[in-house]
2 protein chains.
Amino acid sequence: MTPTPTGTVDLDPRPSGSQTPRRGKGTLTYVLTAVLPALAALGLLVMLGTSTDSARTPPGSGPLDHSVQLFAAIAVVILAARLFGRLARSVGQPPVVGEIFAGLCLGPSVLGALLPGASAWLFPTEVRPVLQGLADLGLIALMFVVGQETKQTSFRGQGGAAVTIAHAGIAGPFLGGALLASLLYRDWAGPQASPVVFAMFLGSALSITAFPVLARILVERNMFRTPLGRLSMLCAAIADVVAWCLIAAMTAVAGRDTPARAVLTVTLVIVYGVAMTWLVRPWLARVLTALEGRAEIRLLVLLAGLLASSAVTSAIGIHAIFGAFLYGLCCPAGSLTRLTERINSVSGLLLLPFFFVGTGLRTDVWRSGFDASLVGVTALVVAVAMLGKLAGPMLMARSTGLSWPDSASLGVLLNARGLTELVVLNLGLALGLLSERLFVVLVAMALVTTAATAPLLSLLGRLTARQRDGGARRL
Amino acid sequence: MTPTPTGTVDLDPRPSGSQTPRRGKGTLTYVLTAVLPALAALGLLVMLGTSTDSARTPPGSGPLDHSVQLFAAIAVVILAARLFGRLARSVGQPPVVGEIFAGLCLGPSVLGALLPGASAWLFPTEVRPVLQGLADLGLIALMFVVGQETKQTSFRGQGGAAVTIAHAGIAGPFLGGALLASLLYRDWAGPQASPVVFAMFLGSALSITAFPVLARILVERNMFRTPLGRLSMLCAAIADVVAWCLIAAMTAVAGRDTPARAVLTVTLVIVYGVAMTWLVRPWLARVLTALEGRAEIRLLVLLAGLLASSAVTSAIGIHAIFGAFLYGLCCPAGSLTRLTERINSVSGLLLLPFFFVGTGLRTDVWRSGFDASLVGVTALVVAVAMLGKLAGPMLMARSTGLSWPDSASLGVLLNARGLTELVVLNLGLALGLLSERLFVVLVAMALVTTAATAPLLSLLGRLTARQRDGGARRL
């Protein structure tokens, strides 16, 4: 269908002067088609300009007014997240600790307190919905990846031990959270929290493990392929599924004014879960296998399904993250590994920073009152969270046959809450279950428990080494 | 630093029953660490539930209220764009024609007219800023890619011919647009338009060529590597740089109430352009070459620079797209080719659809009054646009030595306006230079001139073939 046989084209590489036979005609055409119209247009403009050159109304605010802040904010957020992530890594911390810090620094707690003008200029109200939208997209991408990683965790004969350890890793912190809740309810709960829902929320919030952070810590410490690494991944996977089910149940109940509506929501959640598992999962496996090799369409199907599943759970009345997590569990794991990795890296680089910053913007240490009670409650919450998550799994792991140092390491690993905790906390704040003060406390707890993981692991490593040396010397 | 020598780990693959010596202790630990806390937590929840189980205030509207629509809208937009793009391709049109159609169909002109509820539900006011933000990001990604493609267009000795043809391809349509402007100013100009600015705007809007669309048409018709293909790319590149300069000048002048402010803006634009060309360009080349092989950092530097450059031009007072285009011109072309391609494909798949839909949402055929004058003016504008862009370059190309069919094909190719025209039109609407009615007219013009390209090229191909057959028979 090529209309121009290229052989017939005779282009002149030296247009002016060298080809004398055609020159006159060429110049004439040029004057007629290019110079004259240009002069005429210029004349017309001058004529129009000298007549009534004034706009009809003063300049108003168009839809493009905030693009300076929008682009500047996006650039600052992705660069800050990356920079702080690198800094964290350089001091032996997982990048997520730095990224959470970056979010806090850009929010009212640090930047807002130091330079109120800068924070207000960079994140005006008009720009925030866009940043929030990017954060939401990053969040469902993250939950999809977590679902996929959970699905891929192989049991390899460690199932029984993992289930008991995971159970201990949930029950203890949950009880601790629930006890804390009955203590803190009067002064620290959000406006929407009933005592039961508040207790369920704090219980689940304390039992969560940051599955993606755990995986990255294991990779960075070359523990990913060790039996201990596999076991802790497995425990975290089981514990997380249970914790998310608890949180989904809590979300389904929270804010429903009548028991009938709560029952309806729970029923819909179960119906959706069953439909996804028995209908959508096999269908997805077929479709995505059939699309193998057609990367673009596959990506679109995957993303559209992810968005749809998130929208469905959101419409049912539990948060979009559950739909994304369930979708990640239902997508066939093997064939999507590379696509998931790419989604993960792009989202981690360009979308998740907005989630951290969103959390940071909601964390206002000063407005929520920085006083002794804030510090005291933070210390209490951190102690309960760490004790609950460390002691139970450690004892349980020891009783399934692990050595004491390995059991302790397992407890320390499960104690990293990082990113996932922030997801839960933002949910609690959005549902009105947390007061702003308690949100600040729990963000601090998430940061401390995650930041403690690497030093504690190193400490355990040194203790083990000394013990072994001591043992060797004694021999 | 691995704290757990993996050799010492002794995991029990059969946790229950088989290892009798440890069973009793294991079960006891399990009851103590997992079962008892779980029961205690349950008891606590029941206790709390029977006391005062009611939320403090009725459920309010949290920040997550619109996530259903947000996710649904995003899924619908990217799927619709892809689907219509495929349909367009299946009838021999470039995908962009289908994507523009998809935008129009989701807007008030089609979906809004057929199912007002669906359109209002899918795109509520709360979700639009996010969609607009995604569209803005897609737009600057597009302009960056256009800048890169423009930069990569090699002159290869066709420079002189291309300059004269490009000049003819700008002057004619610009004059036509300016004449149209003086005709349409009274009834069709927007509230912010002075006669000169309106004439400059319509003139530039009619002279623009859709560089990316042109490139894709050439690739699809196997004309990309032919001399005619190269020449048309080159003409389009030159014409586009000139047209964007005109539009930037127009934007700098539009809406500034005093000449002094207009002069200031123009000065700043020139300073910025010079700084980018002489300072940032060599620096970028060094930095991006130094980062070769570190894909993530490179992507971040590239994106941060793109966002910063867009923010700067936006802050100066001309649109962000100019900063993005200039940045694309200034980035070193060779080493970024693959990265640019990836940005292009991701943005085309996941961001640009929101630009098309944004345009569609602003194009309301019914509200702007669908009557004879609308149809008449559309026909007039289409006629002027096509005549201006076809005739001048065709005559000029012929006089530089191309055959008549090749000259006509060149004119037809330059006449495709597609996507780039929509960028200009949205700018005009945002600046208040266009009335809503004229916006509708010009969107229709963009669609018609782009859709006409493929059939006209085929027609020319058939004519050439028949002529050749006739000539062969006569021999």
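What counts, and where the lines are drawn
Residues numbered from 1 in each chain as written. Chains lettered and ligands numbered in written order. Predicted model: local features only at pLDDT ≥ 70, side-chain atom pairs only at ≥ 80, totals over all residues. Heavy atoms only, no water. Helix = DSSP H or I, 4+ residues; strand = E, 2+ residues; numbered from the N terminus. Areas by Shrake-Rupley, 256 points an atom, 1.4 Å probe, with all protein chains shown as cover. Buried < 20%, exposed > 50% of the residue type's maximum accessible area, 1.4 Å probe, protein only. Contact = heavy atoms within 4.5 Å. Patch = residues over 30% accessible without salt bridge, like charges linked within 9 Å, V, L, I, M, F, W, Y side chains within 5 Å. Salt bridge = Lys/Arg side-chain N within 4 Å of Asp/Glu carboxyl O. Axes fitted to C-alpha atoms, helices over the stretch in contact; angles between N-to-C directions. Parallel < 35°, antiparallel > 145°, perpendicular 65-115°, else oblique. Left-handed = near helix turned anticlockwise from the far one by under 90°. Nonpolar A, V, L, I, M, F, W, Y, C, P; charged D, E, K, R; others polar. Phe/Tyr/Trp six-rings, centres within 6.5 Å; stacked < 30°, edge-to-face > 60°. pLDDT = per-residue confidence, 0-100. Expected span 1.5 Å × (residues − 1). Disulfide = S-S within 2.5 Å. Lys, Arg positive; Asp, Glu negative; His and termini not counted. Charge placed at Lys NZ, Arg CZ, Asp CG, Glu CD.

## As for the overall build of chain A
The number of helices and strands found in chain A is 19 helices and 0 strands. Entry remark: accessible area of chain A is about 18900 Å², with carbon and sulfur atoms responsible for 68%.

## Observations regarding the environment of Ile78(B)
Looking at the element boundaries, Ile78(B) is found in helix α2 (residues 67-90). According to the relative accessible area criterion, Ile78(B) is buried, its value standing at 3%. Separated by 276 residues in sequence, Ile78(B) and Phe354(B) place their C-alpha atoms 7.8 Å apart. With sequence-adjacent residues up to four places away left out, Ile78(B) is seen in contact with Leu300(A), Leu303(A), Leu307(A), Leu349(B), Leu350(B), Pro353(B) and Phe354(B).

## Considering unusual backbone geometry
Residues and elements named next belong to chain A. At Asn-222, a residue that is not glycine, the phi angle is positive and equals roughly 55°. Assignment of secondary structure puts Asn-222 in the loop between α9 (211-220) and α10 (227-253). By relative accessible area, Asn-222 is classed as exposed at 62%.

## Observations concerning a nonpolar patch on the surface
All names here are of chain B. Taken together, the side chains of Leu-28, Val-31, Leu-32, Leu-36, Leu-39, Leu-42 and Val-46 define a hydrophobic patch exposed on the protein surface, amounting to about 640 Å² of accessible area. Within the secondary structure layout, Leu-28 lies in helix α1 (residues 20-52). Take Leu-28: its relative accessible area is 52%, and that puts it in the exposed class.

## Some remarks on the pattern of salt bridges
Side chains that carry opposite charge are capable of pairing whenever their charged atoms lie near each other. By the definition in use, this model includes 10 salt bridges over all chains. With a shortest N-O distance of 2.3 Å, Arg82(A) and Glu296(B) are connected by a salt bridge. On the criterion of chain membership, the pair formed by Arg82(A) in helix α2 (residues 67-90) and Glu296(B) in helix α12 (residues 295-316) is interchain, its members lying in two chains. Among the residues examined, Glu296(B) registers a relative accessible area of 34% and is labelled partly exposed.

## A closer look at the packing of α10(A) against helix α17 (residues 404-414) of chain A
All names here are of chain A. At their nearest, the axes of α10 and α17 sit 10 Å apart, and the two run at 45° to each other. In terms of axis orientation, α10 runs oblique to α17. Crossing hand, α10 versus α17: right-handed. Between α10 and α17, the contacting residues are Leu-228, Leu-231, Ser-232, Cys-235 and Ala-236 on the first element and Asp-406, Ser-409, Leu-410, Leu-413 and Leu-414 on the second. The class makeup of the residues in the contact of α10 with α17 is 7 nonpolar, 2 polar and 1 charged.

## Considerations on the packing of aromatic side chains
What characterises a pair of aromatic rings is the spacing of the ring centres plus the angle enclosed by the ring planes. Residues and elements named next belong to chain A. Per the stated rule, a full pass over the model turns up 12 aromatic pairs over all chains. Ring geometry for Trp-244 against Phe-322: centres 5.8 Å apart, planes inclined by 75°, an arrangement best described as edge-to-face. Placement of Trp-244 in helix α10 and of Phe-322 in helix α13 (residues 320-330) is noted, with a sequence separation of 78 residues between them. Across the pair, exposure class does not vary: Trp-244 and Phe-322 are buried alike. Within the aromatic cluster, the residues linked to one another by ring pairs are Trp-244, Phe-322 and Phe-325.

## Remarks on the confidence of the model for chain A
Residue and element names in this part refer to chain A. Per-residue confidence for chain A gives a mean pLDDT of 82, with 88% of residues at or over 70. Predicted confidence in chain A is weakest over helix α1 (residues 20-52), with a mean pLDDT of 73, and strongest over α2, with 92. Below a pLDDT of 50 lies the segment residues 1-22, which in the model reaches 42 contacts outside its immediate sequence neighbourhood of four places, other chains included. The model gives residues 55-64 a pLDDT under 50, and that stretch makes 21 contacts with residues more than four places away or in other chains.

## Considering the side chain of Thr164(B)
Its location among the elements puts Thr164(B) in helix α7 (residues 159-188). Ignoring anything within four residues of it in the chain, the contact list for Thr164(B) reads Tyr30(A), Met396(B) and Thr400(B).

## Focus on the packing of α7(B) against helix α8 (residues 195-207) of chain B
For any two helices packed against each other, one specifies the inter-axial angle together with the distance between the axes. All names here are of chain B. Contact geometry of α7 with α8 gives a least axis separation of 7 Å together with a crossing angle of 135°. What the angle tells us is that α7 and α8 run oblique. For the element pair α7 and α8, the recorded crossing hand is right-handed. Contact residues: α7 offers Gly-169, Ile-170, Pro-173, Phe-174, Gly-176, Gly-177, Ala-178, Leu-180, Ala-181, Leu-184, Tyr-185 and Trp-188, while α8 offers Pro-195, Phe-198, Ala-199, Met-200, Leu-202, Gly-203, Ser-204, Leu-206 and Ser-207. Its residues assigned to classes, the contact of α7 with α8 shows 15 nonpolar, 6 polar and no charged.

## Side note on helix α16 (residues 372-399) of chain B
Along its 28 residues, α16(B) runs 40 Å from first to last C-alpha, staying within 8% of the 40 Å computed at 1.5 Å per residue. Residue Gly401(B) follows α16(B) closely and has a positive phi angle near 115°.

## As for the state of the cysteines
Considering all chains together, one arrives at 0 disulfides over all chains under this definition. Of the cysteine sulfurs around Cys330(B), a residue in no disulfide, the closest is that of Cys331(B), at 7.5 Å.

## Focus on the environment of Met233(B)
All names here are of chain B. Within the secondary structure, Met-233 is located in helix α10 (residues 227-253). Between the alpha carbons of Met-233 and Phe-211 there is a distance of 7.3 Å; along the sequence they are 22 residues apart. Look past the residues within four positions of Met-233 in its chain and what remains in contact with it is Thr-153, Phe-211, Leu-214, Ala-215, Leu-218 and Phe-224.

## Thoughts on helix α6 (residues 128-152) of chain B
In this model α6(B) runs 36 Å from its N-terminal to its C-terminal C-alpha over 25 residues, within 8% of the 36 Å that 1.5 Å per residue would give. Counting buried positions over the 25 residues of α6(B) gives 20, a clear majority of the element.

## Notes on a positive patch on the surface
Among the surface-exposed residues, Arg338(A), Arg342(A), Arg338(B) and Arg342(B) lie close enough to one another that they form a single positively charged patch. Elements supplying a minimum of two residues to the positive patch: α14 (337-350) of chain A together with α14 (337-350) of chain B. Looking at the element boundaries, Arg338(A) is found in helix α14. Arg338(A) gets classed as exposed once you look at its relative accessible area, which sits at 67%.

## Notes on the environment of Ala385(A)
All names here are of chain A. Here Ala-385 lies in helix α16 (residues 372-399). Residues Ala-385 and Gly-172 lie 213 residues apart in sequence; the distance between their C-alpha atoms is 9.1 Å. Those residues within four positions of Ala-385 in sequence are excluded, and the remaining contacts are Leu-206, Asn-415, Arg-417 and Met-445.

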